[in-house]
Amino acid sequence: MALSKPVYAARIATYQAYMETAVPGISANPALFTAINKDTADLHFELVPFDAALVQRMTDRAVRVLQATEAHELLPRITRDPSYFECRFCDWQDRCWRLAC
Ligand code: SF4
């Protein structure tokens, strides 16, 4: 999962870290990741151990985004192509590509 869907891995690790207060021990146990193959209905189950280093990287990245936003700084886009896959499904596409940089 971490290789094929790194966004999911980051989300799981972040939940485990920041929900520790509400759910004591959540980061001491692996998360159960479940996926379904929509073509075959096969189920995939995977235990995902807590990844503290990943949480730290994601938290640092979030802080960087917030600091840039407060400083009215535009961070580089992930691509130069507005038709890039990720951009086509991004809620901020209109605003992002309207800005000159
Ligand atoms: S459109 Fe969305 S995904 Fe694409 S560069 Fe802008 S913010 Fe990033």
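The structure reproduced in this document is the subject of the present report.

Parameters at a glance
- Residues numbered from 1 in each chain as written.
- Predicted model: local features only at pLDDT ≥ 70, side-chain atom pairs only at ≥ 80, totals over all residues.
- Heavy atoms only, no water.
- Helix = DSSP H or I, 4+ residues; strand = E, 2+ residues; numbered from the N terminus.
- Rg over C-alpha atoms; globule rule 2.2 N^0.38 Å.
- Buried < 20%, exposed > 50% of the residue type's maximum accessible area, 1.4 Å probe, protein only.
- Contact = heavy atoms within 4.5 Å.
- Salt bridge = Lys/Arg side-chain N within 4 Å of Asp/Glu carboxyl O.
- Pairing = 2+ DSSP bridges.
- Expected span 1.5 Å × (residues − 1).
- Arc of directions from axis to C-beta.

**As for the overall build of the chain**
And then number 1: What the chain contains, in helices and strands, is 4 helices and 2 strands.
And then number 2: Of the regular secondary structure in the chain, the N- to C-terminal order runs α-β-β-α-α-α.
And then number 3: Rg of the C-alpha trace for the chain: 17 Å, well past the compact-globule value of 13 Å for 101 residues, more than 25% over.
And then number 4: A total of 101 residues make up the chain; the buried ones form 14% of that total.
And then number 5: Restricting the contact set of the chain to residue pairs at least 6 apart, pairs at least 24 apart contribute 32%.

**Structural notes on the pattern of salt bridges**
And then number 1: This model, assessed by the stated rule, comprises 1 salt bridge.
And then number 2: Here Glu73 and Arg64 are joined by a salt bridge, their closest N and O atoms 2.8 Å apart.
And then number 3: Owing to a relative accessible area of 37%, Glu73 belongs among the partly exposed residues under this scheme.
And then number 4: Given the relative accessible area of 38%, Arg64 is considered partly exposed.

**Here's the deal with the pairing of strand S2 (residues 43–48)**
And then number 1: Direction of pairing for strand S1 (residues 31–36) relative to S2: antiparallel, over a ladder of 6 bridges. The residue of S2 that forms the bridge with Ala31 is Val48.

**Focus: helix H1 (residues 6–18)**
And then number 1: Between its first and last C-alpha atoms H1 spans 18 Å; for 13 residues at 1.5 Å apiece the expected length is 18 Å, and the two agree.
And then number 2: Listed in full, the buried residues belonging to H1 are Ala9, Ala10, Ile12, Ala13 and Gln16. Relative to the axis of H1, the buried residues are bounded by an arc of 165° and lie together on one face. Exposed side of H1, more than 90 degrees from the buried face: Val7 and Tyr18 are the residues found there.
And then number 3: Against S1, S2 and helix H2 (52–70) lie the buried residues of H1.

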